[in-house]
Amino acid sequence: MTDYLNIRLSEPEINALSNLALAHIGDCVYELLVRSYIVGHRRLTNRQMHTETVNYVSAPAQAAAMEKLLPRLSEAERAVYRRGRNARVNSVPKHAAIGAYHAATGLECLFGWLYLNGRHERINELFAAVIEEA
């Protein structure tokens, strides 16, 4: 049986993915981390959990998180972040500035790349840095 939670692609397969494909998976990974953190560390109503989640996963919040993470990234991780940040997007949500949206896409791309490379420990290190300084 395939372990879908631990899918791991080869480096050539990952490099062949589009920036937005990496961001697509990274968006899910990042939101799962946020939701897990909120459920595990706070007693909130459903509405409060949703509000807290949005506070962490909105484009401005992800852009702010990326500012915290940039000094901690390796050169390879920075390259992936830049790759995602520079991705061509067809639309930007009306509540997000274009720069914040691109930075958020870069963060999602980074988390997607780390996930597909099986770098779960590194994902946890970076997410802990976001949460500790929040």
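Structure shown above.
The present account deals with the structure reproduced in this document. Per chain, residues are indexed from 1 in the order of the written sequence. In keeping with the predicted nature of the model, local features appear solely for residues at pLDDT of at least 70, side-chain atom pairs appear and are counted solely at 80 or more, and the whole-chain, interface and lining totals rest on all residues. For the side-chain quantities, the full set of heavy atoms in the structure was used; hydrogens and water were omitted.

Some details on the packing of helix 4 (residues 59-69) against helix 7 (residues 120-132)
The angle between the axes and the distance between the axes are what describe a pair of packed helices.
Line of reasoning, step 1. Direction vectors running N to C along helix 4 and helix 7 enclose 110°, while the axes themselves pass 9 Å from each other. Here helix 4 lies roughly perpendicular to helix 7, going by the angle between them. Remark: the crossing between helix 4 and helix 7 carries right-handed chirality. Every residue of helix 7 that contacts helix 4 at A65, K68 and L69 is listed here: L126, A129 and V130.
Line of reasoning, step 2. Classes in brief: Ala, Val, Leu, Ile, Met, Phe, Trp, Tyr, Cys and Pro nonpolar; Asp, Glu, Lys and Arg charged; the others, Gly included, polar. Broken down by class, the residue content of the contact of helix 4 with helix 7 amounts to five nonpolar, no polar and one charged. For helices, the fitted line uses only the C-alpha atoms of the stretch in contact; every axis is such a line through C-alpha atoms, and the angle between N-to-C directions lies from 0 to 180 degrees. In this text, helices come from DSSP runs of H or I with a minimum length of four residues, and strands from runs of E with a minimum of two, each type numbered from the N-terminal end. Geometric relationships in this document are graded by angle, where less than 35 degrees denotes roughly parallel, more than 145 denotes roughly antiparallel, 65 to 115 denotes roughly perpendicular, and other angles denote oblique. By convention, the crossing between two helices is left-handed when the near helix turns anticlockwise from the far helix through less than a right angle, and right-handed when the turn is clockwise. Contacts: residue pairs with any heavy atoms within 4.5 Å of one another.

Comments concerning the packing of helix 3 (residues 46-57) against helix 4
Line of reasoning, step 1. One can describe the packing of helix 3 onto helix 4 by two numbers: an axis separation of 5 Å at closest approach and a directional angle of 50°. Judged on the interaxial angle alone, helix 4 and helix 3 are oblique. On the side of helix 3, the interface is formed by N55, Y56 and V57, while helix 4 contributes A59, A61 and Q62.
Line of reasoning, step 2. For the contact of helix 3 with helix 4, a count of residues per class yields four nonpolar, two polar and no charged.

Considering the nonpolar core
Line of reasoning, step 1. To qualify as a nonpolar core, a set must consist of buried Ala, Val, Leu, Ile, Met, Phe, Trp, Tyr and Cys residues joined through side-chain atoms within 4.5 Å. The rule is simple: take the accessible area with a 1.4 Å probe, protein chains only, and divide by the maximum for that residue type; under 20% is buried, over 50% is exposed, in between is partly exposed. Counting residues in hydrophobic clusters, the biggest one holds 33 residues, and the most contacted among them are Y30, L69, F111 and F127.
Line of reasoning, step 2. Of all the secondary structure elements, the ones that give two or more residues to this core are helix 2 (19-41), helix 3, helix 4, helix 5 (75-85), helix 6 (98-116) and helix 7.
Line of reasoning, step 3. What Y30 contacts, discounting residues up to four positions off in sequence, is Y56, V57, Q62, A65, L107, F111, F127 and V130.

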